[in-house]
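The primary structure of each chain is shown beneath.
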Amino acid sequence: MGFCFRPSTSPPGPISFVRHFSYKDIKKATDGFCRIIYDDCDGAAYRATFRDVGVALVKEVKAFQLGNDVFYQEVQLLGRLHHRHLLPLKGFSMGCKSLLVYENVENGSLRDYLNDPLKTPLNWRTRRQIASEVAAALEYLLLFNDPPIYRVAVSSSSVLLDENFGAKLSRVGVLGSPGRAEEPTYSSVSTDGMDTAFKIVMFRLGVLILELITGQSSEQGGSDLIEWVQQNHMGSSMHKLLDPDLGNDYNSHELNDLLNVARQCIKDKPTPSCAARLLRSSTSLLGNNGI
């Protein structure tokens, strides 16, 4: 039997709206951690079925290097975030594993729909709506929280789709690994650091929009798509690079609007003040569903 570290005391006080699950209950709900949905550098994700709350997504977090206190603080932060396009945190567990329990999503990740030929291709309206919903979630994180929350992964793999293909950003806060270009840490005192973090998040939004347009997922910083942007300057040739699965199912004016947002995010590298205006205008332009 392997050694399993367990905290000697219970978590230091309750967290509003977030349930503390026992390790035993989560192990049982995931059939002994055998129901793996995916596994990445941040840890495995499992499908869980609880007797009282039903189906959920359990995400392992490799956060022991940060310490239990830091993990608990980040869980407190995640528990306070409420937006229709953020994946809701339902609970957590600290012990043998650091685990987060999220609301279940029916349709997996956006990346699955861009890469899996067996999936029904997303139509133009759905892609446009996903861009709008991700922008709305970022607007909430960056503009409606004090301090702003910059540690957010914006990529096709971190955008999950519910039963209505609504977008849910799934990797905010503790799930981000410090130092990654696409997942900046929270800013502290440095204004330059805040500027950089803001620009990185906006940059990733621009790459995501290009992924939606071209149908190509980019998990390596978007260098391939960015090269195209630099060479073509968002010109008319973009019509030739549209995802072939779209056929003629798109609106040229809406395509130009999306490209304009992507261009400003990627090429212009907006300052935080400009990016704030861009976020507000893009959520309005793309049809923001609101907070």
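The rules we used
Residues numbered from 1 in each chain as written. Predicted model: local features only at pLDDT ≥ 70, side-chain atom pairs only at ≥ 80, totals over all residues. Heavy atoms only, no water. Buried < 20%, exposed > 50% of the residue type's maximum accessible area, 1.4 Å probe, protein only. Helix = DSSP H or I, 4+ residues; strand = E, 2+ residues; numbered from the N terminus. Pairing = 2+ DSSP bridges. pLDDT = per-residue confidence, 0-100. Contact = heavy atoms within 4.5 Å. Axes fitted to C-alpha atoms, helices over the stretch in contact; angles between N-to-C directions. Expected span 1.5 Å × (residues − 1). Polar contact = N/O pair within 3.5 Å; in protein donor to acceptor, adjacent residues only side chain to side chain. Parallel < 35°, antiparallel > 145°, perpendicular 65-115°, else oblique. Left-handed = near helix turned anticlockwise from the far one by under 90°. Nonpolar A, V, L, I, M, F, W, Y, C, P; charged D, E, K, R; others polar.

**Observations concerning the pairing of strand E4 (residues 54-61)**
- Within E4, six of the eight residues are buried, which leaves the element mostly enclosed by the surrounding structure.
- Taking the residues that link successive antiparallel strands as the turn, the strand E3 (residues 43-50)-E4 hairpin has three residues.
- Pairing between E4 and strand E6 (residues 98-103): six bridges, direction antiparallel. Bridge pairing in E6 links Glu60 to Leu99.

**Here we look at the confidence of the model for the protein chain**
- Overall, the prediction assigns the protein chain a mean pLDDT of 80, with 78% of residues at 70 or greater.
- This stretch, residues 1-12, has a pLDDT under 50; its non-local contacts, to residues over four places away or in other chains, come to 15 contacts.
- Of the regions scoring below 50 in pLDDT, residues 176-190 engages in 38 contacts with residues more than four places distant in sequence or in other chains.

**Focus: the sheet that holds E4**
- Strand order across the open sheet formed by six strands is E1-E5-E6-E4-E3-E2, with mixed pairing between neighbours. Every interior strand has two partners, whereas the edge strands, strand E1 (19-20) and strand E2 (36-40), have only one.
- Against the sheet, helix H2 (residues 68-80) makes contact with E4, strand E5 (89-93) and E6, and its axis sits at roughly 165° relative to E5, the strand it touches most.

**Side note on the environment of Arg80**
- Mapped onto the secondary structure, Arg80 falls in helix H2.
- Look at Arg80 and you get exposed, because its relative accessible area is 57%.
- Remark: the alpha-carbon pair of Arg80 and Val18, spanning 62 residues in sequence, is separated by 8.9 Å.

**Considerations on helix H4 (residues 124-143)**
- Over its 20 residues, H4 extends 28 Å from the first C-alpha to the last, a length consistent with the 28 Å expected when each residue adds 1.5 Å.
- A large share of H4 lies buried, amounting to 17 of its 20 residues.
- Here H4 starts with a cap whose side-chain oxygen sits 3.3 Å from the backbone nitrogen of Arg125, and that cap is Asn123.

**Focus on the packing of H4 against helix H7 (residues 252-266)**
- Relative to each other, H4 and H7 sit at 30°, their axes nearing to 12 Å. What the angle tells us is that H4 and H7 run roughly parallel. In the crossing of H4 with H7, the sense of the turn from one axis to the other is left-handed. For the pair H4 and H7, contact is made by Trp124, Arg128 and Ala131 and by Glu254, Leu255 and Leu258, respectively.
- When grouped by side-chain class, the residues that make up the contact of H4 with H7 number four nonpolar, no polar and two charged.

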